[in-house]
Amino acid sequence: MEQASQRAHSRAPRAGLSTRSAEWDKYPEPEGSLTTPPLSPLLAPASPRKSPFLVPLDRLVPAGVIVLEAHELAPASESALELEPPQEDDQGWSRLTWTSLQPIVLPPELEFLFAPIAPPPPPPSPLDLLLPLAPSPSSSSPKKRKSTASSTPRKKPRIKAPPRLLDDLLALQDALVVRATFRVVDDGSTALVRVYLVPTDLDERKLERVERTAKARPADSTVVRVLAAVRTGKASWEGDVGGVGPSLLDDPDKRSLLELYRSVPSPPSDLATLQTLSDLTPTILDRLEDALADSTLGLKTELFPYQRASLTKMLARELVPQRHPSPAYDLTHSSIDGRRFYVSVGGDVRLDPPTFEEPKGGVLAEEMGTGKTVICLALILSTQGALPSLSSVRTYLDGTPSPPPLIMTPMALTLPFSSYHTESLRGRPRVPPPLLGYERSTVEIEEHAALLLAQSLSDSLLPPKPFPSLRQLLVHLIKSRAVPYDPLDPRLEGSELGAELAQNTPFYSLYPSPEQLERSREGRKGSYGPVKILVSTTSLVVVPTDLVRQWKGELEKHVEEGQLKVLVLRTVKDKFPSPEELVTYDAVILSVVRFSDAANDPESPLRQIHWKRLFVDEGHALSGANQLRKLAEELHCECRWAISGTPTTNLRGQDDEGALFSRSSTSGGSEVDYQRLGEIYSRFLHHPAFSKPDLWRSVVTVPLLQDGRGAARLADILGRSLVRNDPERIKEAYTLPALTTRVTYLDFLEEERKTYNSLLAVFAVNSIQTQRVDQDYLFAPQNRKYLDELTLNLGTSSVFFAASTTYGRMWDAIKYSQERLASEKSAAWTPEDRLGQQKAIEVMQEALADRQWRHVMQSQSIAFDVSGLDPALVKSYRGLSPLDAQDRTLVPSSQLVQLRTNLKEVRRPTVGAFEDEDELVEELITFEEKRVREIDTPAVEPDPPATTPKRKRKAPGEVERLLPLPEDSQLSKVEVGATTSAKLNYVIAEVQRYPEDKFIVFSSTLSDLVFAQLSEAFDIVGIPHAIFAGHARKRDRGATAAEFNASPASKCRAILVDAKMGGRGMQLAGANRVIMLEPIWLPDLEVQAAKRAHRLGQTKPVDLQVLVIKNSYEDALLMRRGQLGQADFAKTKQPQRDSKLRDLLQAAEYLEPTGATPDLATRVKLIRPDPVSIESATRDFAEVTEEEEEAGAPPRKKTPPTFEYSYFEKSAPPKPEESGSRERLDLDTPQLGRLGAGDGLGAGGNEVQGLSKERSSAVNPESSSIIKATRTEQYFHLQLQLAHLERVLALLATSHESQIEGRQVLGEINALPHCRAEEAAFSKRQAELQATFNTQQDLWQQAADDLINHSTSISIGG
């Protein structure tokens, strides 16, 4: 035996050369000395261990082998072998015990074998060779440079000893988790250990004597570490060391979260798959068949096949929820005998895993624009009138396990049956039952018995309940079992039966638990009482505020009228009805704002109802800690559905029409994405397997991200709970028009180039002066706020950027930079830094020397090239003359808008008094000077008047009277051309180039500033538009989108959308051209924005353009975006966080002049024709007193008079070209009014002030049409003209609400030249107008002359 031991030790050095098990390196190793640890302390002599119960090996699961290199037989084991041969449990393999093996001690000279190998440096990326890099901090800062010579010697790295895998294996064997046998091979230097798994649900484990001998189970991490070291493969099981296979826990499925999301199978579309569901009754099967066959009652839209499949899957999850194995367990097969078993993430082994019932709900994750709303409406119709199931509802207030609820009605409280009687008694004060596990004294038992006796005596004194009538029983059964009936049946109206059905709303009650009654202060005081919860068939739909009207529109479009009773609550002004009224609706649509307001109200009616289901549109918002998730988590409801095509930011379906310069990648899914999914499943869906968010992390996030295991488990979870169709399947149902995406490269104009270079110089100056290490370094973590602001300004400068403080700060920056450059500290700078500092100073000086640049900065507005404007007006309205603007007259857009507003004011009869053009110009200058003085003068609070004068309400259709312009006025010839913004010029030209198309203009950087400039420009050139951004925050943005979609292109040409606000959820299929003013960093947001137009309902090809300034920062941003994948964007939500782009900003590649000239497709008139000054024909509207107006009384409308007209000879009507350059408006469709900035829409045809940063017009959004009359060559009788126009105006005023076709109105207007004076035609109305005509004769004469000599427009409405 001694010779055998010597042979074993003599082979130790050679055995030490063998490679360690690769699996050991996956787990943390304890800190140790430089020498290999000696024999395990567990193997030292100690008190004899009590052997655990040995389960026969044939009852266990053969898992695989563990290869223990550098292990040998322990001396005690060799002595035992000599004295007593070991018991052979399995074909010559010995049972492993604590005294069987020991590790071989390695000599010090072989310790290098355990030293870690440093990985090679990564190769440089292609972008490193393209983008200039800023100097590193270590090379540019001598203060921070450390000396290489040091008096202290470098500390030697500590060598980590291998983990004590043998000890862990033996501990698991003592805990009856595994059984092990071993064999020593390779000349005694390697041990092969066979591992048998002991399933937790094995029958032998349930025996008391087995559990009594088992030790405590080690930590899950220990179990997993041992199981991960088990190698599968039959060859190694037979003793072949070289035939080891993969680890027992190795998962070949390495799909990322994005791949798992995209691989979710489409819902089944065949009946055979549905018939495989368990617990399927014939009634439920019929309902699923109806959904699959598109037989949904009340739905007037035919669903596409993929929509029917999605509806069927959603309905099946609600009606027949299936039971499935817990997602914490992985199905595994033994490589030895093929036996099936399950292993949990914590190492628990079972033959049959625990199961759970799927939640009734999930995530409707169909692609954007594929009709998710109509699927939800079909689901509501499919279960209309069905009460929610309460089988899993807990009736204790603290949520502890409790008896199931009993559905009651007010009628049931009068029934003498025992179950209802017992339930009604629970509402009275009750003696709580004794707590389980609490040992009571004799006195407490007697006291409790006395209380029960007193309670029984009190109950016996209650009057007996009479036996109910058949009608009472039927009423209770109808309401408690949701027997369908028509509440609008005329036979029920006014009847006693109808009243009883309406009053008997089903409900159940929540009670305090025994523990609450005994152990809480409120319970001991008797403060707890039953809480009544109404049981409802109503579906609660929570949608973003901007989408409320879109849902209403979809409801009217797809559901038959009167089929669903729906309540819509959008704003805080919409008060909640009582719970009894809420349950009478089939659906309640709530805005997120209105829903969130109720989150902190414990008495909210929403909390007093058990809803049939809860929909949350744009359900990805549920992943955040907000009021929406808080209330959605706490509500009582049977089914829960989150509606979102992108459940998390980095999850989107396979899309061939993705973002430009976006790398197609299947890898995606950061820890944030996993966390957000977990919040939805745990908190909102109430998934039984993830009752706490920590369970999702331990079961899904950690195994996948850290260990690379569990992809199949997550795929199973997503496959069952996500409802989405493969994009190819959707394309089989319908084909969208083509989507064209392109990048349009532009050059800066001179003013813009200097602004961009000046902002870029700020980055360079800061980087150089701080030497990239100082606390003032812009890219330091503590300066993130300032970095974000400056980067945002730089991005905005590609469209327009101006600030009143820019001019002064630029001078300060130049002065400070020159001082630093001349200081002694700059001597330590590199030559590149000194040149960069000088270049930055020159760039800023170039901008300050440009008069046009200074003009734009000071006016904080884009400027228009104006022709024909009086030089005195140019000066008064802060413009630049041609001498100062290089042969151009530049006037800020805000001043042009103000000029038009002032012109309107001075032409009011009560304000202006001018006879010729010179006096008019003088009036405009004086009016502007007065306005400026009033702005500069501090406001003084005036004394309140003694009495408030009564105001008259302006009648609809009344036209404001204005003084006419002087004959051949120069103001009517003023034209505007291009602006000082290249991108705005391009957008205006594109809109003018395609008059039949409608546009969506997206912006994501300082959209309020950008859209303020663009909206003013649209106002000036006469492009009607809508705004869906911060400017319209006080307006119903959902109504703005609906009006845009419904209006023709001639009435609303474009909508300006903040990409952060309208990039998700909004339906804007009315537009077929999309322009992005700047590239968006996140490709997902760009795809979302494109889908606003390219979606179901689009009938035209969609063109998407991204405007990019060549060779600028945004050009590099777009190129850099194409090099990153989904996982990269999860780490860098903003471009300035990307290291490559940060280096580019600091390198400051300035743009050189390109010679680009401003251009616009068409020059337009600044002053358009005025409304004809006539007395309104709507004098039939009676005046409303102030008291009536405050009470909200509508105007009293009389019937307009009727007139007869006969033919009047005239010359032939003029040809279209004779009417000048103005186009005739189409009156066949309802006209859109011009909405101001505060209302969300931009300029149309009316002459009213436009959007400005300091102002917003208050134009009535319900203004009527603008009607252009043809020019005539004859002089009409003025009184007859007034009478005829009065009838037309009255007709328009009455037809605006009823939407009478415009052809009738056009016919009346065209009849105007064919009329002649007839005395019989004048009746009582002629006398009423005579007084007004006499006092305003001169004004009417001028208006008539204007009607003859000019093409005059008549404005109707207010």
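Refer to the structure presented above.
### Quick notes on the packing of aromatic side chains
In this structure the tally under the stated criterion is 11 aromatic pairs. On the numbers, 5.9 Å between centres and 5° between planes, the contact of Phe304 with Tyr306 is stacked. The partly exposed category is assigned to Phe304, whose relative accessible area is 26%. What makes Tyr306 buried here is its relative accessible area of 1%. On the numbers, 5.5 Å between centres and 40° between planes, the contact of Phe748 with Tyr756 is tilted. The exposure classification of Phe748 matches that of Tyr756, with both residues buried. Above the ring of Phe1044, the side-chain terminus of Lys998 is found at 4.2 Å from the ring centroid. Against the face of Tyr994 rests Arg1073, its NZ or CZ located 3.7 Å from the ring centre.

### Focus: the environment of Ile1167
Within the element layout of this structure, Ile1167 appears in the loop between β31 (1164-1165) and α45 (1186-1190). In sequence terms Ile1167 and Leu903 are 264 residues apart; their C-alpha atoms lie 9.3 Å from each other. Those residues in contact with Ile1167, other than ones at most four positions away along the chain, are Arg900, Leu903, Leu971, Ser972 and Val974.

### Quick look at the sheet that holds strand β9 (residues 329-333)
Pairing is antiparallel in the open sheet, where three strands are placed in the order β9-β10-β11. Each of the sheet's edge strands pairs with one partner strand only, and the pair in question is β9 and β11 (349-350). In terms of strand pairing, β9 meets strand β10 (residues 340-344) through five bridges, oriented antiparallel. In the strand pairing of β10, Thr332 is matched with Phe341.

### Here's the deal with the pairing of strand β27 (residues 1025-1028)
Of the two faces of β27, both are covered, the one formed by His1025 and Ile1027 as well as the one formed by Ala1026 and Phe1028. Sheet analysis places β27 next to strand β28 (residues 1054-1058), joined by four bridges and oriented parallel. Each residue of the ladder has a partner; that of Phe1028, found in β28, is Val1057.

### Re a negative patch on the surface
Side chains of Glu915, Asp916, Asp918, Glu919, Glu922 and Glu929 sit close together on the surface and give a patch of like negative charge. Looking at the secondary structure, you find Asp918 in helix α36 (residues 917-936).

### Observations regarding helix α15 (residues 418-425)
Those residues of α15 that fall on the buried side of the exposure criterion are Tyr420, Glu423 and Leu425. Buried-residue contacts for α15 involve α16 (442-460), α17 (470-480) and β14 (507-510).

### Some remarks on unusual backbone geometry
A positive phi angle is found at Arg772, which is not glycine, with a value near 65°. Take Arg772: it is sitting in the loop between α29 (750-769) and α30 (784-796). Taking the relative accessible area as the measure of exposure, Arg772 reaches 8% and is therefore buried. Located in the positive-phi region is Gln860, a residue other than glycine, with phi close to 55°. If you trace the backbone, Gln860 turns up in the loop between α33 (851-859) and β23 (863-867).

### A short note on the pattern of salt bridges
Counting across every chain of the model gives 43 salt bridges. One salt bridge in this structure joins Arg212 and Glu208, with 4.0 Å as the shortest N-O distance. With Arg212 and Glu208 both in helix α7 (residues 208-213), this residue pair falls four residues apart, about one helical turn. What makes Arg212 exposed here is its relative accessible area of 56%. Taking the shortest distance from any N to any O, the salt bridge between Arg753 and Glu846 comes out at 2.9 Å. Here Arg753 is found in helix α29, whereas its partner Glu846 is found in helix α32 (residues 831-848), with 93 residues between them in sequence. The buried category is assigned to Arg753, whose relative accessible area is 3%. Through salt bridges with shared partners, one network takes in Arg742, Asp997, Arg1073, Lys1100 and Asp1103.

### Considerations on the side chain of Asp617
Looking at the secondary structure, you find Asp617 in strand β19 (residues 609-617). No salt bridge is formed by the buried Asp617; the nearest opposite charge belongs to Lys372, separated by 6.5 Å. Residues in contact with Asp617, not counting those within four places in the same chain, are Val542, Val543, Pro544, Leu547, Trp551 and Ile643.

### Some points on the packing of helix α6 (residues 165-174) against helix α8 (residues 220-229)
Direction vectors running N to C along α6 and α8 enclose 110°, while the axes themselves pass 10 Å from each other. Here α6 lies roughly perpendicular to α8, going by the angle between them. As for how α6 packs across α8, the hand of that crossing is left-handed. Contact residues: α6 offers Leu165, Asp168, Leu169 and Leu172, while α8 offers Thr222, Val223, Arg225, Val226 and Ala229. Across the contact of α6 with α8, the residue classes tally to six nonpolar, one polar and two charged.

### Considering the environment of Glu72
Structurally, Glu72 can be placed in strand β2 (residues 71-73). Judged by its relative accessible area of 5%, Glu72 is buried. The spacing of Glu72 and Ser100 is 28 residues in sequence and 8.6 Å in space, taken between C-alpha atoms. A polar contact of 2.8 Å, which involves the side chain of Glu72, links it to the side chain of Gln102.

Rules of the game
Residues numbered from 1 in each chain as written. Predicted model: local features only at pLDDT ≥ 70, side-chain atom pairs only at ≥ 80, totals over all residues. Heavy atoms only, no water. Phe/Tyr/Trp six-rings, centres within 6.5 Å; stacked < 30°, edge-to-face > 60°. Buried < 20%, exposed > 50% of the residue type's maximum accessible area, 1.4 Å probe, protein only. Lys NZ or Arg CZ within 6 Å of the ring centre and 35° of its normal. Helix = DSSP H or I, 4+ residues; strand = E, 2+ residues; numbered from the N terminus. Contact = heavy atoms within 4.5 Å. Pairing = 2+ DSSP bridges. Patch = residues over 30% accessible without salt bridge, like charges linked within 9 Å, V, L, I, M, F, W, Y side chains within 5 Å. Areas by Shrake-Rupley, 256 points an atom, 1.4 Å probe, with all protein chains shown as cover. Salt bridge = Lys/Arg side-chain N within 4 Å of Asp/Glu carboxyl O. Lys, Arg positive; Asp, Glu negative; His and termini not counted. Charge placed at Lys NZ, Arg CZ, Asp CG, Glu CD. Axes fitted to C-alpha atoms, helices over the stretch in contact; angles between N-to-C directions. Parallel < 35°, antiparallel > 145°, perpendicular 65-115°, else oblique. Left-handed = near helix turned anticlockwise from the far one by under 90°. Nonpolar A, V, L, I, M, F, W, Y, C, P; charged D, E, K, R; others polar. Polar contact = N/O pair within 3.5 Å; in protein donor to acceptor, adjacent residues only side chain to side chain.

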